[in-house]
Amino acid sequence: RFIAKPCAINLGIQDSGPHRAQPNAILEKVFTSITKSPDGKRLEGLSKQLDWDVRKIQRWFRHRRNQDKPTTLTKFCESMWRFTFYFSIFVYGIRFLWTAPWFWDTRQCWYSYPFQPLTSRLYYYYILELAFYWSLMFSQFTDIKRKDFLIMFVHHLATIGLITFSYMNNMVRVGTLVLCLHDASDFLLEAAKLANYAKYQRLCDAFFMLFGVVFIVTRLGIYPFWILNTTLFESWELIGPYPSWWLFNGLLITLQVLHIIWSYLIIRTAYKALVRGKVSKDDRSDVESSSEEEDVTSNSTKGVFSTSSNGSNRINGHVVSGQWTEE
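Residues numbered from 1 in each chain as written. Predicted model: local features only at pLDDT ≥ 70, side-chain atom pairs only at ≥ 80, totals over all residues. Heavy atoms only, no water.

**Comments concerning the packing of aromatic side chains**
Each aromatic ring pair is summarised here by two numbers: the centre-to-centre distance and the angle between the ring planes.
Next, step 1: For the structure on display, the rule yields 29 aromatic pairs.
Next, step 2: With a centroid separation of 6.1 Å and an interplanar angle of 35°, the aromatic rings of Tyr 126 and Tyr 167 are classed as tilted. A residue pair is termed long-range when its members are at least 10 positions apart, and Tyr 126 in helix 7 (residues 120-139) and Tyr 167 in helix 8 (residues 149-168) qualify at 41 residues.
Next, step 3: Judged by relative accessible area, which is 2%, Tyr 126 ranks as buried.
Next, step 4: Stacked on the ring of Trp 52, the Lys or Arg Lys 56 has its end atom at 4.3 Å from the ring centre. (Phe/Tyr/Trp six-rings, centres within 6.5 Å; stacked < 30°, edge-to-face > 60°. Helix = DSSP H or I, 4+ residues; strand = E, 2+ residues; numbered from the N terminus. Buried < 20%, exposed > 50% of the residue type's maximum accessible area, 1.4 Å probe, protein only. Lys NZ or Arg CZ within 6 Å of the ring centre and 35° of its normal.)

**A look at the packing of helix 2 (residues 25-33) against helix 3 (residues 40-50)**
Next, step 1: Their axes nearest at 11 Å, the elements helix 2 and helix 3 cross at an angle of 160°. Put simply, helix 2 runs roughly antiparallel to helix 3. You can see that helix 2 and helix 3 cross each other, and the crossing is right-handed. Contact residues: Ile 26, Leu 27 and Val 30 in helix 2; Arg 42, Leu 46, Gln 49 and Leu 50 in helix 3.
Next, step 2: Residue classes in the contact of helix 2 with helix 3 are distributed as five nonpolar, one polar and one charged. (Axes fitted to C-alpha atoms, helices over the stretch in contact; angles between N-to-C directions. Parallel < 35°, antiparallel > 145°, perpendicular 65-115°, else oblique. Left-handed = near helix turned anticlockwise from the far one by under 90°. Contact = heavy atoms within 4.5 Å. Nonpolar A, V, L, I, M, F, W, Y, C, P; charged D, E, K, R; others polar.)

**Section: helix 10 (residues 201-239)**
Next, step 1: Along helix 10, the sharpest kink reaches roughly 55°, centred on Tyr 223 and followed within four residues by the proline Pro 224.
Next, step 2: Just past helix 10, the residue Gly 240 takes up positive phi, approximately 85°. (Bend = angle between axes of the 7 residues up to and from the residue.)

**Regarding unusual backbone geometry**
Next, step 1: Residues Tyr 113 and Pro 114 are joined by a peptide bond in cis, for which omega reads 5°.
Next, step 2: Residue placement: Pro 114 occurs in the loop between helix 6 (101-104) and helix 7.
Next, step 3: Phi at Asp 51 takes a positive value of approximately 60°, unusual for a residue other than glycine.
Next, step 4: Of note, the phi angle at Asn 170 is positive, near 60°, even though the residue is not glycine.

**Section: the nonpolar core**
Next, step 1: With 56 residues, the main nonpolar core has Leu 97, Trp 102, Tyr 223 and Phe 248 as its most contacted residues.
Next, step 2: Among the secondary structure elements, those contributing two or more residues to this core are helix 5 (72-98), helix 6, helix 7, helix 8, helix 9 (172-197), helix 10 and helix 11 (245-276).
Next, step 3: Among the elements that line this core, the one with the most residues is helix 9, at 12 residues.
Next, step 4: Aside from chain neighbours lying at most four places away, what touches Tyr 223 is Val 178, Leu 181, His 182, Thr 218, Leu 228, Leu 252, Leu 255, Gln 256 and His 259.
Next, step 5: By size, the runner-up hydrophobic cluster in this structure holds 10 residues, among which are Leu 27, Val 30, Trp 52 and Phe 61. (Core = buried A, V, L, I, M, F, W, Y, C linked by side-chain atoms within 4.5 Å.)

**Some thoughts on a nonpolar patch on the surface**
Next, step 1: Together, Leu 118, Tyr 123, Tyr 124, Ile 127, Tyr 167 and Met 168 give the surface a local cluster of nonpolar side chains, amounting to about 590 Å² of exposed area.
Next, step 2: Of all the secondary structure elements, the ones that give two or more residues to the nonpolar patch are helix 7 and helix 8.
Next, step 3: The topology assignment puts Tyr 123 in helix 7. (Patch = residues over 30% accessible without salt bridge, like charges linked within 9 Å, V, L, I, M, F, W, Y side chains within 5 Å. Areas by Shrake-Rupley, 256 points an atom, 1.4 Å probe, with all protein chains shown as cover. Salt bridge = Lys/Arg side-chain N within 4 Å of Asp/Glu carboxyl O.)

**With respect to the UniProt feature "transmembrane region" (unreviewed entry) in the protein chain**
Next, step 1: The feature "transmembrane region" (unreviewed entry), as annotated in UniProt, sits at residues 83-103, 123-142, 207-226 and 246-267 in this numbering.
Next, step 2: Regarding residues 246-267, the helix share stands at 100% and the strand share at 0%, and the terminal C-alpha atoms are separated by 31 Å. (UniProt positions renumbered as here; feature names shortened; annotations may be inferred.)

**Let's talk about the confidence of the model for the protein chain**
Next, step 1: Per-residue pLDDT for the protein chain has a mean of 80; in total, 80% of the residues score no lower than 70.
Next, step 2: The model gives residues 280-285 a pLDDT under 50, and that stretch makes 32 contacts with residues more than four places away or in other chains. (pLDDT = per-residue confidence, 0-100.)

**As for the environment of Thr 176**
Next, step 1: Along the chain, Thr 176 falls in helix 9.
Next, step 2: Residue Thr 176 is classed as buried on the basis of its relative accessible area, which comes to 0%.
Next, step 3: Separated by 47 residues in sequence, Thr 176 and Glu 129 place their C-alpha atoms 9.9 Å apart.
Next, step 4: In this structure Thr 176 touches Phe 96, Leu 97, Trp 102, Leu 122, Tyr 125 and Tyr 126, once residues within four positions along its chain are discounted.
Next, step 5: Side-chain polar atoms of Thr 176 contact the backbone oxygen of Arg 173, separated by 2.6 Å. (Polar contact = N/O pair within 3.5 Å; in protein donor to acceptor, adjacent residues only side chain to side chain.)

See below:
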């Protein structure tokens, strides 16, 4: 409200939403009381009742659905908040872990386990991360539902479960490595969104490509060969198969499966960007589009992004493209 909004206004971002549907009492009643996406039979009936072309009615429903979506200004403010948190917590994590012995030797995560001290800096790092992911969990149900809603829901559940479980079992050393690794790419995604909302297309594409590289390197390279290696093999060697070993590693492997899915979507988006010369439309976009002339005109003013969210994805989602979506 006091920082992001003035920044957005200075960048020329208007507080205006998508094209609004023309007022129509009959269609509004159908939209609010019956269905937001009428089938062919209902469209035919409405066409006869209103003496409108079926395509015109479809266009009205599309515009009506879109006008409930958040404005670019709202998305910018949300992304700026997320960027601030992700960047700040990543810097804090790096500064903290730089002097931690387990950052340089992962076997240190298991020496003297479970009798390892919980310092105040480590404690606050954990609590801040847990609070943030709980906020994403709650806000996901109030934000616009995207195609990756289920994936993000599983991701938040696994993340909260891992943070809570590792804290209760004093596995905080390896937990800090997981948290810092995941924060390494998230702020780049939010930076790309900010550049898109401000209509800095080249900067947006550059941030997205950088995000994609960092994401794939950290999630498909460092994570399995550094994190999973120590939790699966080094822990087994040093402290043995403790009772919760299977659950702990099961949650970590669940995250890895999600990493693979997101990496595929990111690579596909990057490929489209190279082929078309710019990032293509995001598969998770919360704004519906049309090939019709008036929609092309409207979309021509948009940038690469179109968003969970504070919930976004919320991705919080990681896949972005064309008209970037939040998340």
